[in-house]
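# Structural characterization, general
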Amino acid sequence: MVTIEGPGILKVYTRGQFRPGETDVIRYAVLYTIDGGEQKTKAITGIERSKKAAYVDGALGVPGELNTFEIALSRGSHTIDFKLKDITYNVAARYIFTPSKPKKQDWLAFSPMFPSEPVDLISRETTTSYNRFSMAKPLKVDIIGPTELRVLTRTENHFQMKGRINYRVQVRENGKVINTYQLYSRVSDVAAYKDVKDLIPGTACEFVIIVPGGKHVYEILPLDQDKSTLLGRLLIPVTDVKLEK
């Protein structure tokens, strides 16, 4: 499992293992999912024994040739899970991430469908509106694509909570689960509730939903019982806002 903040390119380097006595070419398939979405397959075939690389422990045999593939990641937090389709051969992997700059664009706050529970936060003398949501009352939004839906989430913390706070957020499109984001936050040093005195907001975590063409209903909800509520803020690109006459 690899956790990365996009956008950027994740390069995946793999080497199969030739055990002592094995001389034939090997093949293997790497299965991976991004943010709990659709499983993808990278088939790697025709791998021969490496003529340049060797194991420090010669008893392991000989490493195979290096194979590399790339995964483009969009803006926001991502979790990528890797596994082998079959365990016929041992495979070692390493990862290098090259970040890129997000494209410049202006964003506009987008209101969820009712009922919603607005919550105001103050950060550096600026008030920003979020909406509280839960498993029973998810954030729900009706949107027409193609566009992007930028989602900012924050945990709601008691004063005694310290350190890293892990949590999960599920996204459903038209009733079907399309992604599960594994996020982490810390108690914010700069944000505070405007009207709530017994809680502290967490730092904001971000992900972006790519909305295909047509009308869609999205539901965003937490999955952890011990974090019954989260705060969410939705934004869309200003260029995609269509004003009704």
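It should be noted that the structure appears before, not after, this text.
Cut-offs and rules
- Residue numbers run consecutively from 1 along every chain, following the written order of its sequence.
- Only residues with pLDDT of at least 70 are given local features in this predicted model, and only at 80 or more are side-chain atom pairs given and counted; all residues enter the totals for whole chains, interfaces and linings.
- Each side-chain value is derived from all of the structure's non-hydrogen atoms; neither hydrogens nor water enter the calculation.
- What makes a salt bridge here is a side-chain nitrogen of Lys or Arg within 4 Å of a carboxyl oxygen of Asp or Glu, nothing more.
- Pairing of aromatic side chains requires ring centres within 6.5 Å, counting the rings of Phe and Tyr and the six-membered ring of Trp. Pairs whose planes differ by under 30 degrees are stacked, by over 60 edge-to-face, and all others tilted.
- A run of H or I in DSSP becomes a helix once it reaches four residues, and a run of E becomes a strand once it reaches two; helices and strands are each numbered from the N terminus.
- Exposed residues in this analysis have more than 50% of their type's maximum accessible area, buried residues have under 20%, and partly exposed residues fall in between, with area computed by a 1.4 Å probe over protein chains only.
- Should the NZ of a Lys or the CZ of an Arg lie within 6 Å of a ring centre and within 35 degrees of the ring normal, that charge is described as sitting over the ring.
- Throughout this description, the term nonpolar core refers to a set of buried Ala, Val, Leu, Ile, Met, Phe, Trp, Tyr and Cys residues connected via side-chain atoms within 4.5 Å.
- In this description, contact between two residues means that some pair of their heavy atoms is separated by no more than 4.5 Å.
- Note on pairing: two strands pair once DSSP finds at least 2 bridges between them.
- Patch membership requires more than 30% relative accessible area and the absence of a salt bridge. Residues of like charge join within 9 Å; the nonpolar side chains Val, Leu, Ile, Met, Phe, Trp and Tyr join within 5 Å.
- Only the protein chains shown count as cover for residues, with accessible areas throughout obtained via the Shrake-Rupley method and a probe of 1.4 Å.

## Some details on the pattern of salt bridges
Taken as a whole, this structure holds ten salt bridges when the rule is applied. Through salt bridges that share partners, Arg 75, Arg 150 and Glu 206 make up one connected network.

## What to know about the packing of aromatic side chains
If you walk through the whole model with that rule in mind, you get four aromatic pairs. With centroids separated by 3.9 Å and ring planes inclined at 15°, the aromatic side chains of Tyr 181 and Phe 207 adopt a geometry described as stacked. Note that Tyr 181 is positioned in strand S12 (residues 176–185) and Phe 207 in strand S15 (residues 205–222), a separation of 26 residues in sequence. Under the relative-accessibility criterion, Phe 207 is labelled buried at 1%. Grouping aromatic residues by their ring pairs yields a cluster made of Tyr 32, Phe 69, Phe 82 and Tyr 95. The ring of Trp 107 has Arg 150 lying over it, and the distance from NZ or CZ to the ring centre is 5.2 Å. Above the plane of the ring of Tyr 184 lies Arg 164, whose end atom (NZ or CZ) is 3.8 Å from the centre.

## What about the nonpolar core?
In a soluble, globular protein the nonpolar side chains are often hidden away together inside. Grouped together as the largest cluster of nonpolar side chains are 20 residues, with contacts concentrated most on Leu 149, Phe 207, Ile 209 and Ile 220. Going through the elements one at a time, strand S10 (139–157), strand S11 (165–173), S12, S15 and strand S16 (229–237) are the ones with two or more residues in this core. Here the element with the most residues in this core is S15; it accounts for six residues. In contact with Leu 149, not counting residues within four places along its chain, are Val 141, Ile 143, Phe 207, Val 208, Ile 209, Val 211, Leu 234, Leu 235 and Ile 236.

## Points about the pairing of S16
Counting buried positions along S16 yields eight of nine residues, so the element is predominantly enclosed. Pairing of strand S7 (residues 107–109) with S16, which is carried by three bridges, proceeds in the antiparallel orientation. Across the sheet, the residue bridging to Leu 108 is Ile 236, located in S16. Here S10 pairs with S16 via six bridges, running antiparallel. Paired with Thr 155 across the strands is Leu 230, a residue of S16.

## Digging into a nonpolar patch on the surface
A surface patch of nonpolar side chains, about 210 Å² in accessible area, is lined by Leu 108, Val 238 and Val 241. Within the secondary structure layout, Leu 108 lies in strand S7. With a relative accessible area of 41%, Leu 108 lands in the partly exposed category.

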